[in-house]
Amino acid sequence: MLVRITNEPRDYAWGSASAIPDYLGTPTTGRPQAELWLGAHPGCPSRVDGRPLDEVLDDAGAPQPGMLLKVLAAASPLSLQAHPDAAQAAEGFAREDAAGLARDAPMRTYRDPHAKPELLVAVTRFEALSGFRPLERSLPVLDALTAIDERVAPFADRVRASLEDAVGWMLAGGDEPRSVVRAIVAAAERLPAALEPERDTVRRLEDASPGDPAIAIALLLHRLSLEPGEALFLAAGNLHAYLEGLGIELMGPSDNVLRGGLTPKHVDRDELLRILDFTPLDDPRLARVELPGATGWQPAAPFELRHVHGRHRASAAQAIVLAVAPLSIAAGGERLELARGEAAFVSVAGDLELEGDDAWAALSGAAEPTPRIAA
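Not measured: the values here are computed from a predicted model.

Chemist: Would you take a moment to explain the overall build of the chain for this structure?
Modeler: When its secondary structure is counted, the chain shows 10 helices and 21 strands. Whereas a compact globule of 375 residues would reach a radius of gyration of roughly 21 Å, the chain reaches 21 Å, a difference of no more than 12%. Projected onto its principal axes, the C-alpha positions of the chain cover 70 × 50 × 40 Å. Relative to its full complement of 375 residues, the chain shows a buried share of 57%. Within the chain, contacts between residues at least 6 apart in sequence are counted, and of these 73% link residues at least 24 apart. On the chain, roughly 15,100 Å² of surface is accessible, and the fraction owed to carbon and sulfur atoms is 51%.

The following block contains the structure:
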């Protein structure tokens, strides 16, 4: 199967009105265009001649894709969040189904039974928070803030004693955590120049979500400024927030998001703390691999992403392809020409050939198909 797919960008409030149209040459709408989903997730499936891709695949007896490709355009910070692993997702989904929560209920946390490992590659300069950094890198920041305003001390002391307890205490809210956040916001403006990234983080988050406890927790995470072509891989339990920029995301076929703040949406503090991985990371970036006619990113996940810039051959069971410039695709004896901004789904085990100056190809070679989520 080699078919053209389409979708409409999602208009979340944090999205950019122009970044995706400018990148893909697609129409502006006057509203934010935050995410373009390319895949078969029932929350926003791509379409084939007007029909949902998941239905088309079912009718053809073809497996559902084990991945979801997105174009993400952030003009302001997204929520502080993490994603579950496969066992946590399956258990949480079954638990909320048994409780009678509708799949689209605002208070629902698990919208499908799948894990959501996530890869992001920057298209423009991309600002992000990702993963807990070693304490020897976050404690000096808290100590510098405490020296300016002693109201930060209760949080710094708790971080020294137990990172997990400190995060839980801050997310629980209350007068003292709120006082800590107010102190951090006030003191951040007096931080030395060497801590400009932390000062910028506090400014951005306070502007977007005044007084949110996530402002304090953000100082425990890596602050990253990705240049185009640099990538992050977010394994299960990685606490993160995207701040600004245009990127390409590839993830598991899931919309499971456990939020901890910076959002008016449902925050499930206890469930987030249950699935968080507090293991410090030295660096959450993922190195690229140069291939003939393409650059690749190969995370510890059942998919990989390639940026095609020439003639490239790949082997995969499934592929989702997005053309940023005109692209030719050949697979299974079929050929499809994509114009700028068009996309395709490929389900032909074996080789596919791609030729063009600028395209993204999400590849999956998983032997076991992803089951479709029943309505």
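So that's the structure; there's more coming.
Chemist: What should I look at first to understand the packing of helix H7 (residues 175-188) against helix H8 (residues 196-208) in this one?
Modeler: Two quantities define a packed helix pair, namely the angle between the helix axes and the distance between the axes. Where H7 meets H8, the axes come as close as 9 Å, and the angle between the chain directions of the two elements is 125°. Between H7 and H8, the crossing angle belongs to the class labelled oblique. Crossing hand, H7 versus H8: left-handed. Seen from H7, the contacting residues are Ile184, Val185 and Ala188; seen from H8, they are Arg199, Val202 and Glu206. Residues belonging to the contact of H7 with H8 are distributed by class as follows: 4 nonpolar, no polar and 2 charged.

Chemist: What exactly am I supposed to notice about helix H2 (residues 53-60) here?
Modeler: Quick reminder: α-helices carry 3.6 residues per turn. Residues three or four places apart thus point the same way. Along H2, the positions that sit buried rather than exposed are Leu53, Asp54, Val56 and Leu57. Angularly, the buried residues of H2 cover 160° about the axis, an arc narrow enough to put them on a single face. Buried residues in H2 make contact with strand S1 (2-5), strand S3 (47-48), strand S4 (51-52) and strand S20 (343-346). Taken from the residues just after H2, Gly61 is the one with a positive phi, measuring 70°.

Chemist: I keep staring at the nonpolar core and nothing clicks. Help me out?
Modeler: In summary, soluble globular proteins display a tendency toward joint burial of nonpolar side chains. Among the nonpolar cores identified, the biggest contains 48 residues, and Leu142, Leu145, Phe155, Val167 and Ile184 are the most heavily contacted of them. With residues up to four places along the chain from it excluded, the contact list for Val167 reads Phe132, Ile217, Leu220, Leu273 and Phe278. Counting 35 residues, the second largest nonpolar core, distinct from the first, contains Val3, Leu24, Leu69 and Ile248.

Chemist: Which parts of the structure should I look at to understand the environment of Ala218?
Modeler: One can find Ala218 in helix H9 (residues 214-218). In sequence terms Ala218 and Ser130 are 88 residues apart; their C-alpha atoms lie 8.9 Å from each other. Once residues lying within four places of it in the same chain are set aside, the contact partners of Ala218 are Leu129, Thr201 and Leu205.

Chemist: Quick question: what am I supposed to make of the pairing of strand S5 (residues 68-74) here?
Modeler: Along any regular strand, the residues point their side chains to alternate faces of the sheet. The buried fraction of S5 is high, at 7 of 7 residues. Direction of pairing for S5 relative to strand S11 (residues 240-251): antiparallel, over a ladder of 7 bridges. Note that in S11 the partner of Ala73 across the bridge is Leu246.

Chemist: I keep staring at helix H6 (residues 163-172) and nothing clicks. Help me out?
Modeler: Along H6, 7 of the 10 residues are buried, which leaves the element largely enclosed by surrounding structure. Burial in H6 covers these residues: Leu163, Ala166, Val167, Gly168, Trp169, Met170 and Leu171.

Chemist: Please explain the pattern of salt bridges as it appears in this structure.
Modeler: Close approach of charged atoms allows side chains of opposite charge to pair. According to the stated counting rule, one finds 30 salt bridges in the structure shown. Within this structure, Arg125, Glu127, Asp200, Arg204, Arg223, Glu227 and Glu244 form a network of salt bridges that share partners.

Chemist: Could you clarify how one ought to interpret the pairing of S11 in this entry?
Modeler: Among the 12 residues of S11, 11 are classified as buried, and the element is accordingly described as predominantly covered. Pairing geometry for strand S8 (residues 126-132) and S11, over 4 bridges, is antiparallel. When the sheet's bridge partners are listed, Ala128 is paired in S11 with Tyr242.

Chemist: How do you make sense of unusual backbone geometry when you look at a structure like this?
Modeler: Leaving glycine out, the prevailing phi sign among residues is negative, and the prevailing peptide bond configuration is trans. The backbone of Asp49 sits at a positive phi, close to 50°, despite the residue not being glycine. With respect to the helices, strands and loops of the structure, Asp49 is situated in the loop between S3 and S4. Its relative accessible area of 79% is what places Asp49 among the exposed residues.

Chemist: When you look at the packing of aromatic side chains in this model, what are you seeing that I'm missing?
Modeler: Centre-to-centre distance and the angle between the planes together describe a pair of aromatic rings. By the definition in use, this model includes 4 aromatic pairs. Ring geometry for Phe126 versus Tyr242: centroids 5.2 Å apart, planes at 85°, classification edge-to-face. In this pair, Phe126 sits in strand S8 while Tyr242 sits in strand S11, placing the two residues 116 residues apart along the sequence. Assigned by exposure class, Phe126 and Tyr242 land together as buried.

Basis of the calculations
- Position numbers for residues count from 1 along each chain, tracking the sequence in the order it is written.
- Since the coordinates come from a predicted model, pLDDT governs what is reported: local features require at least 70, and pairs of side-chain atoms require 80 or more to be given and counted, while whole-chain, interface and lining totals use all residues.
- As a rule here, side-chain values come from all non-hydrogen atoms in the structure, and water together with hydrogens is ignored.
- Numbering of helices and strands runs from the N terminus, with a helix taken as a DSSP run of H or I at least four residues long and a strand as a DSSP run of E at least two residues long.
- Two things to know: the radius of gyration comes from C-alpha atoms, and the globule rule equals 2.2 Å times the number of residues to the power 0.38.
- Note on classification: 1.4 Å probe, protein chains only; a residue is buried when its accessible area is under 20% of the maximum for its type, exposed when over 50%, partly exposed between these limits.
- Here a residue-residue contact requires only that any non-hydrogen atoms of the pair lie within 4.5 Å.
- Accessible surface is estimated by sampling points in the Shrake-Rupley manner with a 1.4 Å probe; for residues, cover comes only from the protein chains shown.
- Only the contacting stretch of a helix is used when fitting its axis, a line to C-alpha atoms as for every element, and angles between N-to-C directions run 0 to 180 degrees.
- Geometric relationships in this document are graded by angle, where less than 35 degrees denotes roughly parallel, more than 145 denotes roughly antiparallel, 65 to 115 denotes roughly perpendicular, and other angles denote oblique.
- Here a crossing is taken to be left-handed if its near helix is turned anticlockwise relative to the far helix by less than a right angle, and right-handed if that turn runs clockwise.
- Three classes are used, and their members are as follows: Ala, Val, Leu, Ile, Met, Phe, Trp, Tyr, Cys and Pro are nonpolar, Asp, Glu, Lys and Arg are charged, and the others, Gly among them, are polar.
- This arc is built from the directions going out from the helix axis to the C-beta atoms.
- To form a nonpolar core, buried Ala, Val, Leu, Ile, Met, Phe, Trp, Tyr and Cys residues must be joined to one another through side-chain atoms within 4.5 Å.
- Two strands qualify as a pair provided that DSSP identifies no fewer than 2 bridges between them.
- By definition, a salt bridge exists where a carboxyl oxygen of Asp or Glu is found within 4 Å of a side-chain nitrogen of Lys or Arg.
- Paired rings are identified among Phe, Tyr and Trp, the last through its six-membered ring, by centres lying within 6.5 Å, and are further divided according to the angle between planes into stacked (under 30 degrees), edge-to-face (over 60) and tilted (the rest).

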